[in-house]
Amino acid sequence: MAINYTWNVSTVDTYPTLDGNTDVVHNVHWRLNAEDDANQDADGNNWTATVYGTQSVDTSDLSDFTAFADLTSSDVQGWVEAAMGADEVQSLKDNLDALIAEKITPTSVTKTIG
């Protein structure tokens, strides 16, 4: 499998003001999407899987504060991954891999008795 991962971190919770700064991000609503570009379903679509959650980010040191209007998804993704730690991020990716593998080769299938 060749799995590609993409983060969506566009929804955030902010403090209106904190330590003289406005719109300080303190919580991120994230979604991590995985897409297998080597395997397709019966309709020719790449297999996908998604996990989502929230992650608090540290606001105790705002010396490198970035104004909300200047934030990029890349900035916020970096905060989320740093707050989670490399092991947790890898665990999420491993779980997504397993979900896609289960779709490709299911270990259980639900059927209806007619």
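Now for a description of the structure that goes with this document. None of the values given here were measured: they were computed from a predicted structure.

The rules behind each value
- Residues numbered from 1 in each chain as written.
- Predicted model: local features only at pLDDT ≥ 70, side-chain atom pairs only at ≥ 80, totals over all residues.
- Heavy atoms only, no water.
- Pairing = 2+ DSSP bridges.
- Helix = DSSP H or I, 4+ residues; strand = E, 2+ residues; numbered from the N terminus.
- Axes fitted to C-alpha atoms, helices over the stretch in contact; angles between N-to-C directions.
- Contact = heavy atoms within 4.5 Å.
- Buried < 20%, exposed > 50% of the residue type's maximum accessible area, 1.4 Å probe, protein only.
- Polar contact = N/O pair within 3.5 Å; in protein donor to acceptor, adjacent residues only side chain to side chain.
- Core = buried A, V, L, I, M, F, W, Y, C linked by side-chain atoms within 4.5 Å.

1. Digging into the sheet that holds strand E1 (residues 3-18)
Move 1: What the 3 strands build is an open sheet, ordered E1-E2-E3; its pairing is antiparallel. Two strands in the sheet have a free side with no partner beyond their single neighbour: E1 and strand E3 (46-56). If you compare each strand with its neighbour and ignore which way they point, the axes differ by 15 degrees on average.
Move 2: Where strand E2 (residues 21-40) and E3 come together, 11 bridges link them in antiparallel fashion. Note on E3: the bridge partner recorded for His29 is Thr54.
Move 3: Strands E1, E2 and E3 of the sheet are contacted by helix H1 (residues 73-84), whose axis makes an angle of about 95 degrees with E1.

2. Considerations on the environment of Asp41
Move 1: Tracing the sequence through the fold places Asp41 in the loop between E2 and E3.
Move 2: Overall, Asp41 belongs to the partly exposed group, its relative accessible area being 24%.
Move 3: In terms of polar contacts, Asp41 uses its side chain to reach the backbone amide nitrogen of Asp43, at 2.9 Å.

3. Side note on the nonpolar core
Move 1: Counting 19 residues, the largest nonpolar core has Trp7, Val28, Trp30 and Val80 as the members making the most contacts within it.
Move 2: The set of elements that each furnish at least two residues to this core consists of E1, E2, E3, H1 and helix H2 (86-104).
Move 3: With 5 residues, E2 is the single largest residue contributor to this core.
Move 4: The residues contacting Val80, other than those within four sequence positions of it, are Trp7, Val9, Val28, Trp30 and Gln55.

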